[in-house]
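In case you want the letters, here they are:
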Amino acid sequence: MNSKHILIVVDMQKDFVDGALGSSEAVSIVPAVVEKIRSARAAGIPVLATLDTHGANYLQTREGRFLPVEHCLEGTDGWQLNAAVADALSDSPRLIKPSFGSVDLPETVHKLTGVEAPGAGLTIELIGLCTDICVVSNALLLKAVYYEADMIVDSACCAGVTPAKHEAALETMRSCQIVVR
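Attention in this report is confined to the structure presented alongside it. (Residues numbered from 1 in each chain as written. Predicted model: local features only at pLDDT ≥ 70, side-chain atom pairs only at ≥ 80, totals over all residues. Heavy atoms only, no water.)

## Focus on the packing of helix α5 (residues 105–113) against helix α6 (residues 131–145)
Phase 1: Between α5 and α6, the shortest axis-to-axis distance is 9 Å and the interhelical angle comes to 65°. Relative to α6, α5 is oriented roughly perpendicular. At the point where α5 passes α6, the crossing takes the right-handed sense. The residues of α6 that touch α5, namely those facing Leu105, Pro106 and Val109, are Asn138, Leu141, Leu142 and Val145.
Phase 2: Residues belonging to the contact of α5 with α6 are distributed by class as follows: six nonpolar, one polar and no charged. (Axes fitted to C-alpha atoms, helices over the stretch in contact; angles between N-to-C directions. Helix = DSSP H or I, 4+ residues; strand = E, 2+ residues; numbered from the N terminus. Parallel < 35°, antiparallel > 145°, perpendicular 65-115°, else oblique. Left-handed = near helix turned anticlockwise from the far one by under 90°. Contact = heavy atoms within 4.5 Å. Nonpolar A, V, L, I, M, F, W, Y, C, P; charged D, E, K, R; others polar.)

Structure (structure tokens):
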């Protein structure tokens, strides 16, 4: 069976890099993320980006009640991808997601790779923000569907809400047979 590969860039949006929920750790991974995207595209590997997307009623949502910081409001500057990441992504598809994990992600992976679940011969690699919320949510969601795929998370291209939470999420993913590099 031919091996196929996809790179998923999770929520590298301004609000998570250097905006409302940004951090120095998030800013520091941008060059590595850009290089990873460029290398994948040069190798002919499909690259997909997710966009955390909320409406004006964010503070009235369940997530907004637990995290009362408006962020990634659709159409705002903070919702946009980091400029360097957007440039590297070029015309790669974007997937809008209203929650931590996207239930549309498995079908989108299928459309981009042609590989059906359970995913034998597929390598799914995830990078982005935040390791302990959206990266881990999407990794585990994909692992549930593509349980025969090789799953990789590049820790040098991820950052968490805090360094400790980043490490805890990486350990959780290792426990779920996701390769952490």
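Resuming the write-up.
## Overview of the sheet that holds strand β6 (residues 179–180)
Phase 1: Strand order in the open sheet made by the six strands is β3-β2-β1-β4-β5-β6, with parallel pairing throughout. Strands with a single pairing partner mark the edges of an open sheet, and in this sheet they are β3 (94–97) and β6.
Phase 2: Together, β1 (4–10), β2 (47–52), β4 (122–129) and β5 (150–159) form the strand contacts of helix α2 (residues 24–42), whose direction differs from that of β5 by roughly 135°.
Phase 3: This element, α6, spans β1, β3, β4 and β5 of the sheet and lies at about 165° to β4. (Pairing = 2+ DSSP bridges.)

## Looking at the pattern of salt bridges
Phase 1: Summed over the entire model, instances satisfying the criterion amount to eight salt bridges.
Phase 2: One salt bridge connects Asp87 with Arg38, and the closest N-O pair in it is separated by 3.3 Å. Here the residue Asp87 occupies a position in helix α4 (residues 83–89), and Arg38 occupies one in helix α2, the gap between them amounting to 49 residues.
Phase 3: Accessibility expressed as a relative area gives 55% for Asp87, which makes it exposed.
Phase 4: Overall, Arg38 belongs to the partly exposed group, its relative accessible area being 42%.
Phase 5: Here the residues in one salt-bridge network are Asp11, Asp52 and Lys97, joined through shared partners. (Salt bridge = Lys/Arg side-chain N within 4 Å of Asp/Glu carboxyl O. Buried < 20%, exposed > 50% of the residue type's maximum accessible area, 1.4 Å probe, protein only.)

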